[in-house]
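Architecture and fold: a report
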Amino acid sequence: MRILAIETSCDETAAAIVEVENYLPKIITHAVASQIEIHSATGGVIPNLAARLHVENLPVILKKATENNRERFDAVAVTTGPGLIGALLMGVTAAKAIASTKNIPFYSINHLEGHIYSAWLAPKNSKKFAPPQLPALIVIVSGGHTELVLMHRHGYFETLGSTRDDAAGEAFDKVARLLDLPYPGGPEISKLAQHGDRHAYKLPISFNDDYSLEFSFSGIKAHVANIINKLPKPIPAHVKADIAASFEHTVAETISLKTVNALEQFPGIKSVCLVGGVAANTYLRSFLEQKINQSRPQVAFITAPLEYCTDNAAMVGASAIFRHLFGHADDWRSVEVDPNKAI
Ligand code: KG4
Ligand code: ZN
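Cut-offs applied
Residues numbered from 1 in each chain as written. Chains lettered and ligands numbered in written order. Predicted model: local features only at pLDDT ≥ 70, side-chain atom pairs only at ≥ 80, totals over all residues. Heavy atoms only, no water. Domains from an automatic or database assignment. Contact = heavy atoms within 4.5 Å. Buried area = accessible area lost by both parts, 1.4 Å probe. Salt bridge = Lys/Arg side-chain N within 4 Å of Asp/Glu carboxyl O. Polar contact = N/O pair within 3.5 Å; in protein donor to acceptor, adjacent residues only side chain to side chain. Helix = DSSP H or I, 4+ residues; strand = E, 2+ residues; numbered from the N terminus. Nonpolar A, V, L, I, M, F, W, Y, C, P; charged D, E, K, R; others polar. Near = heavy atom within 4 Å. Areas by Shrake-Rupley, 256 points an atom, 1.4 Å probe, with all protein chains shown as cover. Buried < 20%, exposed > 50% of the residue type's maximum accessible area, 1.4 Å probe, protein only. Donors = N, O, S within 2.8 Å, 3.2 Å for Na, K, Ca; no water.

**What about the domain arrangement of the chain?**
- Each assigned domain of the chain is listed with its residue range as follows: domain 1 (2–124 + 308–334) and domain 2 (136–304).
- Listed as interface residues are 21 residues of domain 1 and, on the opposing side, 22 residues of domain 2.
- Ranking the residues of domain 1 by area buried against domain 2 places Leu112, Ile116 and Cys309 at the top, with a combined share of 33%.
- On inspection of domain 1 and its partner domain 2, the count reaches zero salt bridges.
- The interface formed by domain 1 and domain 2 contains five residue pairs in polar contact (both at pLDDT 80 or more).
- For the side of domain 1 that touches domain 2, the secondary-structure elements that each account for two or more residues are helix H1 (36–40), helix H4 (111–117) and helix H10 (314–326).
- Ranked by the residues each element gives to the side of domain 1 that touches domain 2, the list is headed by H4, at five residues.
- Tallied by class, the residues present in the side of domain 1 that touches domain 2 amount to 12 nonpolar, seven polar and two charged.

**Thoughts on the site of ligand 1**
- Every one of the 18 residues lining ligand 1 counts as a neighbour, but Gly143, Asp173, Gly186, Gly277 and Asn281 are closest to it.
- A distance of 3.0 Å is found between a nitrogen atom of ligand 1 and a side-chain nitrogen or oxygen belonging to Asn281.
- Within the complex, 89% of the 560 Å² of free accessible area of ligand 1 lies under protein.
- Looking at the shell around ligand 1, the elements with two or more residues in it are H4, helix H5 (168–178) and helix H6 (185–193).
- Looking at side-chain class alone, the shell around ligand 1 contains five nonpolar, 11 polar and two charged residues.
- Taken domain by domain, the makeup of the shell around ligand 1 includes at least three residues from each of domain 1 (2–124 + 308–334) and domain 2 (136–304).

**A word on the pattern of salt bridges**
- Scanning the entire structure with this criterion turns up 14 salt bridges.
- Measuring nitrogen to oxygen at the nearest pair gives 3.4 Å for the salt bridge that ties Glu21 to Lys26.
- Overall, Glu21 belongs to the partly exposed group, its relative accessible area being 40%.
- We classify Lys26 as partly exposed; its relative accessible area is 35%.
- We note a salt bridge from Arg323 to Asp330, for which the minimum N-O separation is 3.3 Å.
- Each member of the salt-bridge network shares a partner with another, and the members are Asp166, Glu170, Lys174 and Lys221.

**Description of the coordination of the zinc ion (ligand 2)**
- Protein coordination of the zinc ion (ligand 2) is provided by His111 (NE2), His115 (NE2) and Asp311 (OD), with donor distances spanning 2.0 to 2.1 Å.
- The sequence pattern formed by the donor residues of the zinc ion (ligand 2) is H-x3-H-x195-D. Here His111 is found in helix H4, whereas its partner Asp311 is found in the loop between strand S10 (300–303) and H10, with 200 residues between them in sequence. Each member of the pair, His111 together with Asp311, is buried.

Okay, here's the thing in structure tokens:
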């Protein structure tokens, strides 16, 4: 089974061909056109512009992903939500057109389900990849979502906690803007933080107790804004680095605290998977791994390979592979686009 996968939920136009090998997804081709440079001029994603850019990029990316493998796929998968409505419509229209004209199976994939299955993608050149064991705790940290998801079986997801306001990635982007750094803020904060003191500023952790699995990141952003407002301008580079380092540390501490809380409450969990755009953050990856090793050394810690943390189509193809193995295809005629689709 070879699946052509398409992802256009936000500002990346992506296509991939993924096949199944030993009950795991194997990436055959993978292409992404990022709109980051264009959106960074305005400091964030402009939904209408994102949709128009998908119109431009999608045929090019589809050609790239299917070159040399043209006609050699047996099904098509696409992200149908959550995401920006105009952006989603582009990918879904293309996927439905392909499924109907070729008369092949169609898979409607939830964007968060896609991020979850990025943990089942083996890193490049890895000889001994051990996929997550179920039940797994999935820590989704992206630009639009922050959620702890308990995955009992393939295709069965239970949300244990989520953010009440901003997502972790959104907080990175907003704090970056306060520090005059370009969009997307995550990688910029991360670079700056390397030169700063992690404990220079004490920042708040919301729902800071041993039980809560809920997140909130608007308080920390407001706190950083207050600090910045009170500082004499221009702010010296070393002070900005201290703010970035303290912020990154507090976000990593918050996510780790909630993850460890969930592990305490669900002792049967065998693996923790860190996925989503913010999972590309190296400080968070190592901080969380260390906290899990300290509290539950028997639990395996798996992160999505770096290149598949931010939006891509390989993760959509991986989800469809598991649907093919353990579930069923969807009828493209009745599948709708849902910008607020829950996992
Ligand atoms: O998963 P993603 O590509 O899109 C959504 O589904 O939202 O995540 C994008 C988010 C952005 O907020 C971006 O700032 C953040 O991921 N991000 C990072 C890093 N790389 C991307 N945040 C922290 N550190 C990074 N290295
Ligand atoms: Zn995403």
